[in-house]
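Here is what each chain is made of, one letter per residue.
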Amino acid sequence: MGAYASTDLLDQDPSTLEDYDVEYIQPTAVYNDTSRELVDRLVQYLYSRDCPYSVDRVVKSGSFGKGTQIRGHADLDCVAVLNIFKSVHDRINHGPQILGHLADMLKTQRWVVRGSVTNNDYIILFKMYQNGVTMDVDLLPTFEVLGHNPPNYRKEQTYLKMLDLSGRARSYYSVPLCQLQLDFVRLQPSRVKTLIRLVKYWRKMEVEKHAQPSLRYPNSYAMELITIHVWEKAEASRPRRIKLVEAFKSVLTQLVNYKSLHAEWYKNYSEVLANEACDRLGFTRPIVLDPANPTNNMMDVFHKEAWDHLASIAAKSMRRPLLKDVVIPAYW
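Criteria and cut-off values
- Residues numbered from 1 in each chain as written.
- Predicted model: local features only at pLDDT ≥ 70, side-chain atom pairs only at ≥ 80, totals over all residues.
- Heavy atoms only, no water.
- Helix = DSSP H or I, 4+ residues; strand = E, 2+ residues; numbered from the N terminus.
- Rg over C-alpha atoms; globule rule 2.2 N^0.38 Å.
- Buried < 20%, exposed > 50% of the residue type's maximum accessible area, 1.4 Å probe, protein only.
- Contact = heavy atoms within 4.5 Å.
- Areas by Shrake-Rupley, 256 points an atom, 1.4 Å probe, with all protein chains shown as cover.
- Lys, Arg positive; Asp, Glu negative; His and termini not counted.
- Charge placed at Lys NZ, Arg CZ, Asp CG, Glu CD.
- Salt bridge = Lys/Arg side-chain N within 4 Å of Asp/Glu carboxyl O.
- Bend = angle between axes of the 7 residues up to and from the residue.
- Core = buried A, V, L, I, M, F, W, Y, C linked by side-chain atoms within 4.5 Å.
- Pairing = 2+ DSSP bridges.
- Axes fitted to C-alpha atoms, helices over the stretch in contact; angles between N-to-C directions.
- Disulfide = S-S within 2.5 Å.
- Parallel < 35°, antiparallel > 145°, perpendicular 65-115°, else oblique.
- Left-handed = near helix turned anticlockwise from the far one by under 90°.
- Nonpolar A, V, L, I, M, F, W, Y, C, P; charged D, E, K, R; others polar.

**Quick look at the overall build of the protein chain**
Here is step 1 of the chain: Tallying secondary structure elements over the protein chain gives 12 helices and 7 strands in all.
Here is step 2 of the chain: Here the C-alpha atoms of the protein chain give a radius of gyration of 20 Å, agreeing with the 20 Å that 2.2 N^0.38 yields for 332 residues.
Here is step 3 of the chain: In terms of overall dimensions, the protein chain has C-alpha extents of about 55 × 50 × 40 Å along its principal axes.
Here is step 4 of the chain: Across the 332 residues of the protein chain, 54% fall into the buried class.
Here is step 5 of the chain: In the protein chain, of all internal contacts separated by at least 6 residues, the share reaching a separation of at least 24 is 70%.
Here is step 6 of the chain: Accessible surface computed for the protein chain: about 15500 Å², of which carbon and sulfur atoms make up 49%.
Here is step 7 of the chain: Here the protein chain holds 42 positive side-chain charges and 38 negative ones, and the gap between their average locations is 1 Å.

Printed below as a string of structure tokens:
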């Protein structure tokens, strides 16, 4: 364990960032094991007879499922595909009652923190606790869209169908497409995940601390996608092992210049379909197109004022000791 004059991330010497990451940001093995036990307990409950609804499958996403959790701040997006939902219309019409019933049942479970359960028409929020570890859970009951391991043509058929739906109906598709989001981030190289954790740690320590309650700020997934985009822009020409502090400053520089962002990925849909979605839905820069859902521009999900505030925090962060003298190489 190192000795630090300050434990503030932005007060560190650039040469110590790798050690700081190990000591303060990366989760410990014990923390990961306890988090895994909590998740297993929830999944077992959802598949058990105690759960009032039949569950076809569960997707464990969020930072826990993607492998991007930071120490002390694991979160789980638990997507439960319920057999009672046969279509998006079932989810819209019967969802509020079913989510309310599920929330009431969760309140009776010993492993759920008392008083932590809340819900609305889209989501059930609660906390789980065990052996000093608290996990924030978003439980998202949904309907089946693509099934297991869908071919790309089925994905494109689904996306085209979504383009013809109302905005409200289309919004319910993000949850059942969560597996594609999970796979996209989870399969990133370990070095990218290290950078993602660092950016998320900065977001928690700097952005959340100064956030304005009336604004909706970019979430973890948006930060993950922007970080991956910055990494990929330099991928062709960068050396094999890059300095974490240079990569971090590159991400913050992109956040300062967020209005220039245009990121798309064609793993789950074609460039032609992405262009059609942008044209039909009127997307203009900045654009970060969800790799799991071309009808979702992540930049439009959050308030413009929140992006502006985040950009100002990033600019101030780059004037702090950790980053102020760091020169970003040309390949970034």
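What follows picks up the thread again.
**Considerations on the pattern of salt bridges**
Here is step 1 of the chain: Counted under the stated rule, the structure contains 16 salt bridges.
Here is step 2 of the chain: The residue K107 makes a salt bridge to D104 at a minimum N-O spacing of 3.7 Å.
Here is step 3 of the chain: In this structure D104 comes out as partly exposed when scored by relative accessible area, which is 43%.
Here is step 4 of the chain: In this structure, the salt-bridge partner of R203 is E208, at a minimum N-O distance of 3.3 Å.

**Here's the deal with helix α4 (residues 88-106)**
Here is step 1 of the chain: Maximum bend of α4: about 60°, positioned at H94, with proline P96 one to four residues after it.
Here is step 2 of the chain: Within the span of α4, buried status applies to V88, D90, R91, I92, G95, I98, L99, G100, L102, A103 and L106.
Here is step 3 of the chain: Check the buried side of α4 and you find it contacts α2 (29-47), β2 (75-82), β3 (118-119), β4 (124-130), β5 (133-142) and α6 (167-171).

**Let's talk about the environment of F64**
Here is step 1 of the chain: Relative to the assigned elements, F64 resides in helix α3 (residues 62-66).
Here is step 2 of the chain: What makes F64 buried here is its relative accessible area of 15%.
Here is step 3 of the chain: Between the C-alpha atoms of F64 and L165, which are 101 residues apart in sequence, the distance is 32 Å.

**Comments concerning the nonpolar core**
Here is step 1 of the chain: In terms of nonpolar packing, the biggest core is built from 53 residues, with L42, L46, I124, F126 and M135 touching the most fellow members.
Here is step 2 of the chain: Not counting chain neighbours up to four residues away, the residues in contact with L42 comprise L76, C78, W111, F126, M128 and V137.
Here is step 3 of the chain: Grouped together as the second largest cluster of nonpolar side chains are 52 residues, L17, V207, V245 and L310 included.

**Re the pairing of β2**
Here is step 1 of the chain: By the criterion of burial, β2 is predominantly enclosed, with 6 of the 8 residues buried.
Here is step 2 of the chain: When strand β1 (residues 55-61) meets β2, the two strands line up antiparallel, connected through 6 bridges. Directly across from K60, in β2, lies its bridge partner C78.
Here is step 3 of the chain: Judged from the 7 bridges that link them, β2 and β5 form a sheet pairing that is parallel. For A80, the partnering residue across the bridge sits in β5 and is P141.

**Let's talk about the environment of K316**
Here is step 1 of the chain: Looking at the element boundaries, K316 is found in helix α12 (residues 304-317).
Here is step 2 of the chain: Residue K316 is classed as exposed on the basis of its relative accessible area of 53%.
Here is step 3 of the chain: Between the C-alpha atom of K316 and that of L252, which follows or precedes it by 64 residues, the distance is 10.0 Å.

**Here we look at the sheet that holds β4**
Here is step 1 of the chain: With mixed pairing, 5 strands are arranged side by side in an open sheet as β1-β2-β5-β4-β3. Sheet topology places β1 and β3 at the edges, where each strand pairs with a single neighbour.
Here is step 2 of the chain: Pairing analysis gives 7 bridges linking β4 to β5, with the strands arranged antiparallel. Pairing of Y129 across the sheet is with T134, part of β5.
Here is step 3 of the chain: Contacts between helix α7 (residues 178-186) and the sheet are confined to β1 and β2, with β1 contributing the most and set at about 35° to the helix.

**Some points on the side chain of R203**
Here is step 1 of the chain: Looking at the element boundaries, R203 is found in helix α8 (residues 190-210).
Here is step 2 of the chain: Residues contacting R203, with those up to four places away along its chain left out, are E208, P218, N219, S220 and M223.

**Overview of the state of the cysteines**
Note: disulfide means a covalent bond formed between the sulfur atoms of two cysteine side chains.
Here is step 1 of the chain: Within this structure, the stated rule accounts for 0 disulfides.
Here is step 2 of the chain: Cysteine C178 remains unbridged, with the sulfur of C78 as its closest cysteine sulfur at 9.5 Å.

**Observations regarding the packing of helix α9 (residues 220-233) against helix α10 (residues 244-256)**
Here is step 1 of the chain: Close contact between α9 and α10 brings their axes to 10 Å; oriented N to C, the two are set at 115°. The orientation of α9 relative to α10 falls into the category roughly perpendicular. Taken as a pair, α9 and α10 cross one another with a handedness that is right-handed. On α10, the residues touching M223, I226, T227, H229, V230 and K233 of α9 are S250, V251, Q254 and L255.
Here is step 2 of the chain: Taken together, the residues of the contact of α9 with α10 sort by class into 5 nonpolar, 4 polar and 1 charged.

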